[in-house]
Amino acid sequence: MTIQQTLDLATEHHMASRLVEAAALYQQILQTDPQHPLALHLLGVIALQQGNAGLAVELISKAVTSKPDFAEAYGNLAAAYQSLGDLDQAIASLHKALSQNPDNADAHYNLGNTLKRLGRTDEAIASLRRVIAINPNHAAAHNNLGNALKELGKFDEAVASFRHALAIRPDYATAHNNLGTALSALGDLDGAEESYHKALALDPGSAELHNNIGNALKDLSKLDAAIESYRQALTINPNFAQAHNNLGNALNASGQLDAAVESYIKALAIDPDLAEAHNNKGNTFKAKGRLIEAVDSYDKAIAINPEYAEAWNNLGAVQQDMGLLEKSVASYRKALTISPGYTEAGKNLLYVLLNVPGLSTKDLFAEHLRFAETHTKGIIPATDLRNDPNPNRRLRIAYLSSDFRGHAVGSLVMPLLSSHDHERFETFCYADVSRPDGMTKQFQSASDHWRSIVGKPDWEIAAMIRADEIDVLVCLAGHFDNNRPLVCAYRAAPVQISYHDGATSGLKEMDYWLTDNILHPEDTNEYFTEALYRLPAFYQWFPIENAPSVSLLPADQAGFITFASFNNPAKINDHVIRLWAKVLKSVPGSRLLLKYKNIYAQSALKDRLAEGFADQEIEQNRIVFIASQDTLEEHLSLYAEVDIGLDPFPFNGATTTYQTLWMGVPVIALAGETFISRAAGSILHHAGLKDMMTETPEAYIACAKELATDLERLRKLRRSLRDQIAASPLCDGLANTQNVETAYRDMWQKWCDTKHPENDPTA
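Residues numbered from 1 in each chain as written. Predicted model: local features only at pLDDT ≥ 70, side-chain atom pairs only at ≥ 80, totals over all residues. Heavy atoms only, no water.

S.K.: Sorry, what's going on with the sheet that holds strand S7 (residues 531-535) here?
M.R.: Hydrogen bonding along the main chain pairs the strands of a sheet, whether they run parallel or antiparallel. In spatial order, the strands read S3-S2-S1-S4-S5-S6-S7; together these 7 strands make up an open sheet with parallel pairing. The outermost strands of the open sheet, each flanked by one partner alone, are strand S3 (449-452) and S7. Between one strand axis and the next, the sheet turns through 25° on average, direction left out of account. (Pairing = 2+ DSSP bridges. Helix = DSSP H or I, 4+ residues; strand = E, 2+ residues; numbered from the N terminus. Axes fitted to C-alpha atoms, helices over the stretch in contact; angles between N-to-C directions.)

S.K.: What is the right way to read the pattern of salt bridges from this model?
M.R.: Pairing between side chains of opposite charge can happen when the charged atoms of each approach one another. Going through the model one piece at a time under the given rule, you end up with 34 salt bridges. In this structure, Arg169 and Asp171 form a salt bridge, with 4.0 Å as the shortest nitrogen-oxygen distance. When its relative accessible area of 37% is taken as the criterion, Arg169 is described as partly exposed. Salt-bridge contacts for Arg290 lead to Glu293; the nearest nitrogen and oxygen are separated by 2.6 Å. (Salt bridge = Lys/Arg side-chain N within 4 Å of Asp/Glu carboxyl O. Buried < 20%, exposed > 50% of the residue type's maximum accessible area, 1.4 Å probe, protein only.)

S.K.: Explain the sheet that holds strand S13 (residues 693-694) to me, please; I cannot follow it from the model alone.
M.R.: Here 6 strands make up an open sheet; going across it, the order is S10-S9-S8-S11-S12-S13 and the pairing parallel. Each edge of the open sheet is held by one strand with a lone partner, namely strand S10 (623-626) and S13. Pairing analysis gives 4 bridges linking strand S8 (residues 562-565) to strand S9 (residues 591-595), with the strands arranged parallel. Residue pairing across strands places Ser565 opposite Leu594, the latter belonging to S9. Along the sheet face, helix H27 (residues 574-586) touches S8, S9, S10, strand S11 (644-646) and strand S12 (667-670) and points at about 140° away from the line of S9. (Contact = heavy atoms within 4.5 Å.)

S.K.: How should I be thinking about the environment of Ala503 in this particular structure?
M.R.: In this structure, Ala503 sits in the loop between strand S5 (495-499) and strand S6 (512-516). Excluding residues within four positions of it along the chain, Ala503 makes contact with Leu354, His368, Trp513 and Glu526.

S.K.: What exactly am I supposed to notice about a negative patch on the surface here?
M.R.: A grouping of Glu326, Asp574, Asp607, Glu611 and Asp615 is seen on the molecular surface, where their side chains present a negatively charged patch. It is helix H28 (residues 603-615) that provides the largest number of residues to the negative patch, a total of 3 residues. Structurally, Asp615 can be placed in helix H28. What makes Asp615 exposed here is its relative accessible area of 62%. (Patch = residues over 30% accessible without salt bridge, like charges linked within 9 Å, V, L, I, M, F, W, Y side chains within 5 Å. Areas by Shrake-Rupley, 256 points an atom, 1.4 Å probe, with all protein chains shown as cover. Lys, Arg positive; Asp, Glu negative; His and termini not counted. Charge placed at Lys NZ, Arg CZ, Asp CG, Glu CD.)

S.K.: Looking at this model, I keep getting lost on unusual backbone geometry. Mind explaining?
M.R.: In terms of backbone geometry, most residues other than glycine have negative phi values and most peptide bonds are trans. Here the bond from Phe649 into Pro650 is cis, since omega is 0°, no more than 30 degrees from zero. Tracing the backbone shows Pro650 in the loop between S11 and helix H30 (655-662). For Asp481, which is not a glycine, the phi torsion comes out positive at approximately 55°. By secondary structure assignment, the location of Asp481 is in the loop between strand S4 (472-476) and S5. Despite not being glycine, Glu617 shows a phi value in the positive range, around 65°. With respect to the helices, strands and loops of the structure, Glu617 is situated in the loop between H28 and S10. With relative accessibility at 61%, the residue Glu617 sits in the exposed group.

S.K.: Whenever I open this one, the state of the cysteines confuses me. Can you help?
M.R.: The bond known as a disulfide is covalent and runs between the sulfur atoms of two cysteines. Applying the stated rule across the entire model yields 0 disulfides. Cys488 supplies the cysteine sulfur nearest to Cys752, a cysteine that is in no disulfide, at a spacing of 19 Å. (Disulfide = S-S within 2.5 Å.)

Quick look at the structure:
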């Protein structure tokens, strides 16, 4: 046979996948003509098909040396280099192929995919766009272009690309899946779920798709359905580490903490270097109060990935809970160095700084301005609000919060929500509550309209608020928990108010900050971007139902005074320890009782505090730790052992202070220069205990000593405080609501005057 006849027979065998026979014939040709480019090329293709990429590179390289304009061979040479992981050589080969045929769509496609693998995303996008220009119906190119755009955060454009791919190939399961991930990133969780289900209908055996559907369902707070989807994924692929991890997240969110830990352990057994699972296991340990184990998990995540911003943020939160404030600040700052736009870490940094003693009001203000500047870049506030500027009409009031549940802020806001005059005010709750509880149902009943905003981005929430034509938007506890102060940066409503945040919002678009004359006296040294609006009294609670009866004074039975603080240990800094040690020294034989949930079960935390008091020459047996997870009634019953409450600083107690007073126990507070350091003072003032709000450490010690040596006064307070608190402004829900409604009406009037300046007497 001639060489051509042999080649024809070889290619016939090759096309029929008879690779051994084809290879033998190609080799026969090369024995006659060692430089035959087509035989070298096709023998190299067989080597590539058989998984021998090194031999493929050797053979195809000879082919293109023999025939430098062999465009198809350059394409396969690139594939061989890709198999070897030598992407730079693959790109060079593809460029040579394109130099021979600039309109080779397959070469442009492979080049785009290879560039994307190298992280050269902009170049990859250009190559994939070139494919589409040559062949507009190249579905895979549209799909991969969408993936590249998604990597750059251009989710709207990515969605368009995936939709183009699906218009060409409606049965393209991968594109449906990718569309789901892009829609999820845009906050369109319903659309994402729909896309994943379409993909799953085309590929029902895909563990990845079941996992992705689980992610969408979890983000929609459909936790039971999410758990079932993850379990379906694991039925298909029991070794799917990420699905075990995601199942753990869903179990954690549903409160099944022990089961969540088991899922993370399974994920890590499969993939010990899955940093995300270490991080998430840390989150669950934190939720269980096992802080040392949480720190260990975060440390492992960071050891695997030192640039893991979320793990640094979570480590900072545990360090804060343990009162390790300097370490906590450093961890949050590390998270922000890695990811400057990380909103949660930015909010957490502001939160922990409120606990740091000695931080000036100027420095604290600068930090809040920095947060606002960082996170409002690119936001253009709305200017086309069309609310009717009638000062006397029924106003639409919205409350924006993640705390419409059994939470300290929830307990402060419920008296207001439940007492509104609904003839004059129409109320809306925008709730970021992923795990509603009994208190959530009370909020739903108390409001005229309920809007769930779980999983929605800030801009979409602002659009919802504008669509509801809200007149006054009240942002509750902005920088705490999962609250959303940045919604206000979009100018969601004509009047925007900060209420129960710990400091200024720092936002230009936040108009007012509700406060009172104690929290912010006329000569306040605190800085803020809002206008202050002082209420007659700021704090408000319901009387505590089912609270235990007030006990007799424990000192009469014990023969010594018991001081106590049931505040978060993050508030017990070195300055607090030194002052409380002086209090204990001033009252011989006294002891200090410390409790916060079950957190003092951590030996490291107890040791830190015990050592701090030991450094101040306070014997270990005078510091008593209690660790227990209990009901509110069980918790309050512990005040039967307490004679006097000691309030921390600079972050005062609020709900804890109120509960202490309700149980007949007086509280001593040290007032500072900021809202957060004057909270307990405001409560004491309105409770009729002005003398217990002290201005200096010396006065704090003197007040404690005076109370401790006046048992008759302590007995009298024990008997009378509950009735005194119940009759005070702290429990006058109707009067407080009327005062807040007056504030809303005044603010609204000022806004109306800007629309009708002829009505403004100050104009």
